[in-house]
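Observations on chain architecture
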2 protein chains.
Amino acid sequence: MRLTTFTDFGLRAMIRLAQDPQTPLSSAEIAEEFAISRHHLAKAMATLARAGLIVTRRGGGGGAILARPPAEISLGEVFRALNAEEPLVECFQSDGGHCVATNRCRLRARLVIAQEAFMASLDQSTLADVALEPQAFALEAAP
Amino acid sequence: MRLTTFTDFGLRAMIRLAQDPQTPLSSAEIAEEFAISRHHLAKAMATLARAGLIVTRRGGGGGAILARPPAEISLGEVFRALNAEEPLVECFQSDGGHCVATNRCRLRARLVIAQEAFMASLDQSTLADVALEPQAFALEAAP
């Protein structure tokens, strides 16, 4: 089991925005800070915007901010938004995957329940609990 | 969040072996039934053998069987064995990953707890609960 890059990047963006909720940050700025792909990060942030978790403004001084205070956004909510279009296993995909036993699989329902337990656990924490300390990046940059 | 191919294939092998626990099956036979890569399946089955969940015999009539009855092997146990060497997120890797905030990340501990909730949910089911019905493959082969 792994977080996809999509979920990973989306989570990092949310944690970074929670660090300083009043300051808009562009995907380019966040991508540079974390040294990750801007293209992939932008896709994850677009999904977060569609889910109503961030609000984006274009133009100079534009960027994204959290749609609500960090203490009011649970990690489970962020995960669900990022995972909404991602099947946990290939056989969950609407296009079928390639498992010959899909139709008779009794594992699938149990995996769905387990994934829900994963999300429910993350519902216990909010972005305020995991927001990066303001000095995190400064300290990382120090020798 | 996705199951890796490694976990996916290992799970399928266990479910298939639970269908007919007395009959040894080789990785080649299971790979052919599921139409998946024999090479990748063999690696997952080697891990399951090292974890003591299957027993393999070489030579003619050889193959793998479950080390214990299906009702005595929980899905959580299988998942833990297959995930033991796989980090949930890149930043969990011992070689560091590339997250600049790793040392100050407060998300990691929460992800570990959520993953444990996932496994604990799967501990509620055994291979006997999800073993494929004997007719699953015959029915799939029908038009």
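Residues numbered from 1 in each chain as written. Chains lettered and ligands numbered in written order. Predicted model: local features only at pLDDT ≥ 70, side-chain atom pairs only at ≥ 80, totals over all residues. Heavy atoms only, no water.

Under the annotation held in an unreviewed UniProt entry, chain A carries the name RrF2 family transcriptional regulator and is attributed to Paracoccus pacificus.

1. Side note on the overall build of chain A
The helix and strand inventory of chain A stands at seven helices and two strands. Ordering the α and β elements of chain A from the N terminus gives α-α-α-β-β-α-α-α-α. Across chain A, every contact between residues at least 6 apart in sequence was considered, and the portion connecting residues at least 24 apart equals 66%. (Helix = DSSP H or I, 4+ residues; strand = E, 2+ residues; numbered from the N terminus. Contact = heavy atoms within 4.5 Å.)

2. A look at helix α3 (residues 38-50) of chain A
Residue and element names in this part refer to chain A. The terminal C-alpha atoms of α3, which comprises 13 residues, lie 18 Å apart, in line with the 18 Å expected from a rise of 1.5 Å per residue. Those residues of α3 hidden inside the fold are in contact with α1 (5-19), α2 (27-34), β1 (54-57), β2 (63-66) and α4 (75-83). Capping of α3 at its N-terminal end is provided by S37; its side-chain oxygen lies 3.3 Å from the backbone amide nitrogen of H39. A positive backbone phi angle near 80 degrees is found at G52, which sits one or two residues after α3. (Expected span 1.5 Å × (residues − 1). Polar contact = N/O pair within 3.5 Å; in protein donor to acceptor, adjacent residues only side chain to side chain.)

3. A look at the pattern of salt bridges
For side chains of opposite charge, pairing can occur when their charged atoms come near one another. Residue and element names in this part refer to chain A. Applying the stated criterion across every chain, the model contains ten salt bridges over all chains. Between D8 and R12 there is a salt bridge, with the nearest N and O atoms lying 2.9 Å from each other. Of this pair, D8 and R12 both sit in helix α1, four residues apart, which is roughly one turn of the helix. The class of D8 is buried, set by a relative accessible area of 10%. On the basis of relative accessible area, R12 is assigned to the buried category, the value being 6%. For R80, the salt bridge identified is with D123, shortest N-O distance 2.9 Å. Within this pair, whereas R80 is found in helix α4, its partner D123 is found in the loop between α5 (108-122) and α6 (127-130), the two being separated by 43 residues in sequence. Residue class for R80 comes out partly exposed when judged on its relative accessible area of 31%. (Salt bridge = Lys/Arg side-chain N within 4 Å of Asp/Glu carboxyl O. Buried < 20%, exposed > 50% of the residue type's maximum accessible area, 1.4 Å probe, protein only.)

4. A short note on the side chain of T4 of chain B
Locating T4 of chain B in the fold gives a position in the segment before α1 (5-19). Each residue touching T4 of chain B, except ones within four places of it in the same chain, is listed here: M1 and R2 of chain A together with E86 of chain B.

5. Some points on the packing of α4 of chain A against α5 of chain A
Residue and element names in this part refer to chain A. It is the contact of α4 with α5, at a shortest axis distance of 6 Å, that shows an interaxial angle of 140 degrees. Comparing the axis directions of α4 and α5 gives the class oblique. Contacts from L75, G76, F79, R80 and N83 of α4 reach α5 at Q115, E116, F118, M119, A120 and L122. For the contact of α4 with α5, the class distribution of residues is six nonpolar, three polar and two charged. (Axes fitted to C-alpha atoms, helices over the stretch in contact; angles between N-to-C directions. Parallel < 35°, antiparallel > 145°, perpendicular 65-115°, else oblique. Nonpolar A, V, L, I, M, F, W, Y, C, P; charged D, E, K, R; others polar.)

6. As for the pairing of strand β2 (residues 63-66) of chain B
All names here are of chain B. Taking every second residue as pointing to the same face, both faces of β2 are buried, with G63 and I65 on one and A64 and L66 on the other. Bridge count for strand β1 (residues 54-57) against β2 is four bridges, and the pairing is antiparallel. The residue bridging R57 from the neighbouring strand is G63, located in β2. Remark: five residues form the turn of the hairpin made by β1 and β2, two consecutive strands paired antiparallel; G59 in that turn has positive phi of roughly 85 degrees. (Pairing = 2+ DSSP bridges.)

7. Digging into the nonpolar core
One broad rule of soluble globular proteins: the nonpolar side chains tend to lie buried together. Counting residues in each nonpolar core, the largest one holds 78 residues, and the members touching the most others are M14, F118 and L127 of chain A together with M14, F118 and L127 of chain B. With residues up to four places along the chain from it excluded, the contact list for L127 of chain A reads M14, I15, A18, L66, P70, I73 and L75 of chain A. (Core = buried A, V, L, I, M, F, W, Y, C linked by side-chain atoms within 4.5 Å.)

8. Side note on the environment of G10 of chain B
Residue and element names in this part refer to chain B. Within the secondary structure, G10 sits in helix α1. On a C-alpha basis, the gap between G10 and E33 in space is 14 Å, while along the polypeptide they are 23 residues apart. Setting aside residues up to four positions removed in sequence, G10 forms contacts with A44, L48 and L82.

9. Comments concerning the environment of Q124 of chain B
Note that Q124 of chain B resides in the loop between α5 (108-122) and α6 (127-130). Through-space distance from the C-alpha of Q124 of chain B to that of M45 of chain B is 23 Å; in sequence the pair is 79 residues apart.

10. Observations concerning the side chain of Q115 of chain A
Here Q115 of chain A lies in helix α5. With near-sequence residues (within four places) excluded, Q115 of chain A lies in contact with N83 and L88 of chain A together with M1 and F118 of chain B.

11. As for the packing of α5 of chain A against α5 of chain B
Where α5 of chain A contacts α5 of chain B, the axes come no closer than 8 Å and their chain directions differ by 150 degrees. On the basis of their axis angle, the class for α5 of chain A and α5 of chain B is roughly antiparallel. The two elements α5 of chain A and α5 of chain B cross, and the hand of that crossing is right-handed. Listed contacts from α5 of chain B to R110, L111, I113, A114, Q115, A117, F118, S121 and L122 of chain A of α5 of chain A are R110, L111, I113, A114, Q115, A117, F118, S121 and L122 of chain B. (Left-handed = near helix turned anticlockwise from the far one by under 90°.)

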